[in-house]
Amino acid sequence: MSGKVAAIGTFDGVHAGHAVVLSEVMEEARRNGLEPLAITFDRHPLALISPQRAPLAITTIEKKTELIAKTGVTPIVLPFDEKLRSTTARDWMRMIHSQFGVEHIVVGYDNTFGCDGVALSLSDYRRIGEETGITVSEAPMLPGVSSSAIRKAIAAGDIDEANRMLGRRFAIPGIVVEGNKLGRTIGFPTANMMPHPGIVVPGNGVYAAVAYLPGGTRRDAVVNIGVRPTVRRGNNLTIEAHIIDWSGDLYGHQFNLVFHTRMREEIRFNSIDALKRQIEKDTSNAKLFLSDATKQIK
């Protein structure tokens, strides 16, 4: 088994801060002829330790591993169970050294692992590493970027800030479910999304987004998230996407919404005609915004 260099963490969102750590893993691998790994979990540790405090996820497990793999680092997903929860940092190192051949660990500036990890410093990890045959280095810090800060920005509807910290556009996967079909009666049919369970949803408002439909079709979209106050029926949150210049039956199909910017707040209009006029404006504004290639995060 060839030697490995690894980073350990939840990697939720695989954001710009994680990218710094993964880049350091790749560099360490190149310098020393090692294989790069990212060891992560099938759920946030708090989902087991304190479920009521467990945060909503920024990405699904599948998307997380895909994003890690795109950096050239191989993702390894471990089940976060009671056994792993009670594993000390020393036993962690022994385990990844024996099972995966890890010879070096790259840690982030606020990264800890092991049930005793919160009390350990970088020098402690290095000392334990010497006892288990693993060297330890620290990746550069990217100030102000964290999964918790990104979740907060998304929930507040600040998609521009969330996208900046992610280093790409925030996306929600989901399935199209049946709605009240009001949109089609006023010339703006919508796809009503049931988002993937456990994913953070942007705050109420109207967004310019791109819809990725079955088969890979890409279409600009206007997305309303909220309670539809003009035609309100209860307090249920809805995610409605008007897919611009497209028609078809999507019921029961999976699709993704990639959020580019928040255009306005969700507001109540005095009439359906006023709502229709505003949707026309929103559609025009979304087209203009989404056509500006300089605003795209690659």
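Structure: see above.
Residues numbered from 1 in each chain as written. Predicted model: local features only at pLDDT ≥ 70, side-chain atom pairs only at ≥ 80, totals over all residues. Heavy atoms only, no water.

Draft legend 1. Structural view of the overall build of the protein chain. Helices and strands together make up the secondary structure of the protein chain, namely ten helices and eleven strands. Counting only C-alpha atoms and orienting by the principal axes, one finds that the protein chain spans roughly 75 × 40 × 35 Å. The buried share among the 298 residues of the protein chain stands at 49%. When contacts within the protein chain are restricted to residue pairs at least 6 apart in sequence, those whose partners lie at least 24 apart make up 72%. Carbon and sulfur atoms make up 52% of the accessible area of the protein chain, which amounts to about 14,500 Å² in all. Of note, the protein chain has its 35 positive side-chain charges centred 6 Å away from the centre of its 32 negative side-chain charges. (Helix = DSSP H or I, 4+ residues; strand = E, 2+ residues; numbered from the N terminus. Buried < 20%, exposed > 50% of the residue type's maximum accessible area, 1.4 Å probe, protein only. Contact = heavy atoms within 4.5 Å. Areas by Shrake-Rupley, 256 points an atom, 1.4 Å probe, with all protein chains shown as cover. Lys, Arg positive; Asp, Glu negative; His and termini not counted. Charge placed at Lys NZ, Arg CZ, Asp CG, Glu CD.)

Draft legend 2. Quick peek at the pairing of strand E8 (residues 205–212). Of all eight residues that make up E8, seven are buried, and the element is covered over most of its length. Pairing between E8 and strand E9 (residues 218–226): eight bridges, direction antiparallel. Note that in E9 the partner of Ala211 across the bridge is Arg219. Between the antiparallel neighbours E8 and E9 lie five residues, among them Gly215 with a positive phi of about 90°. (Pairing = 2+ DSSP bridges.)

Draft legend 3. Just the pattern of salt bridges, in detail. Across all of its chains, the model carries 15 salt bridges by this definition. Of the charged contacts, one joins Asp124 and Arg127 as a salt bridge, the two residues approaching to 3.4 Å between their closest N and O atoms. On the criterion of helical spacing, the pair formed by Asp124 and Arg127 is a turn pair, its members being three residues apart in helix H6 (residues 122–132). Here Asp220 makes a salt bridge to Arg218, at a shortest N to O gap of 3.9 Å. (Salt bridge = Lys/Arg side-chain N within 4 Å of Asp/Glu carboxyl O.)

Draft legend 4. Quick look at the sheet that holds E8. The six strands are arranged E6-E7-E10-E9-E8-E11 in a closed barrel whose pairing can be described as antiparallel. If you compare each strand with its neighbour and ignore which way they point, the axes differ by 45° on average. (Axes fitted to C-alpha atoms, helices over the stretch in contact; angles between N-to-C directions.)

Draft legend 5. Looking closely at the packing of aromatic side chains. All told, the structure shown has six aromatic pairs when counted by the stated rule. Here a set of aromatic residues connected by ring pairs shows up, and it is made of Phe41, Phe80, Trp92, Phe113 and Tyr125. (Phe/Tyr/Trp six-rings, centres within 6.5 Å; stacked < 30°, edge-to-face > 60°.)

Draft legend 6. Layout of helix H10 (residues 272–291). Compared with an ideal rise of 1.5 Å per residue, which puts 20 residues at 28 Å, H10 spans 28 Å between its outermost C-alpha atoms and is within 8% of the ideal. Those residues of H10 not exposed but buried are Ala274, Leu275, Gln278, Ile279, Asp282, Thr283, Ala286, Phe289 and Leu290. As for H10, its buried residues are in contact with E8, E9, strand E10 (238–243) and strand E11 (254–264). (Expected span 1.5 Å × (residues − 1).)

Draft legend 7. View of the sheet that holds strand E4 (residues 102–107). Strand order in the open sheet formed by five strands is E3-E2-E1-E4-E5, and the pairing between neighbours is parallel. At either margin of the open sheet sits one strand with a lone partner, and together these are strand E3 (74–78) and strand E5 (135–138). Sheet twist, expressed as the average angle between the axes of neighbouring strands with direction ignored, equals 30°. As paired strands, strand E1 (residues 4–8) and strand E2 (residues 35–41) are joined by five bridges and run parallel to one another. Across the sheet, the residue bridging to Ala6 is Leu37, located in E2. Along the sheet, H6 contacts E4 and E5; its crossing angle with E5, the most-contacted strand, is approximately 160°.

Draft legend 8. Region of interest: the environment of Leu56. Structurally, the position occupied by Leu56 is in the loop between helix H2 (46–49) and helix H3 (61–70). Given the relative accessible area of 46%, Leu56 is considered partly exposed. A sequence separation of 187 residues divides Leu56 from Ile243, and the C-alpha atoms of the two residues are 27 Å apart. Once residues lying within four places of it in the same chain are set aside, the contact partners of Leu56 are Asp12, Arg151, Gly198, Ile199 and Val200.

Draft legend 9. Up close: the nonpolar core. Phe170, Val223, Phe255, Leu257 and Phe259 are the most contacted members of the largest nonpolar core, which has 31 residues in total. At the level of secondary structure, the elements contributing two or more residues to this core comprise helix H7 (147–155), helix H8 (159–166), strand E6 (170–177), strand E7 (191–195), E8, E9, E10 and E11. Of the residues forming this core, the biggest block, four residues, is contributed by H8. Residue contacts for Phe259: discarding those within four places in its chain leaves Ile159, Asn163, Arg169, Phe170, Ile172, Pro202, Tyr207, Ala208, Ala209, Val223 and Ile225. Residues Ile76, Phe100, Ile105 and Ile134 belong to the second largest nonpolar core, which totals 25 residues. (Core = buried A, V, L, I, M, F, W, Y, C linked by side-chain atoms within 4.5 Å.)

Draft legend 10. Inspection of the side chain of Glu28 at higher detail. On the secondary structure map, Glu28 appears in helix H1 (residues 16–32). Among the residues examined, Glu28 registers a relative accessible area of 10% and is labelled buried. Those residues within four positions of Glu28 in sequence are excluded, and the remaining contacts are Val5 and His104.

Spatial relationships are all this shows, so hold off on functional conclusions.
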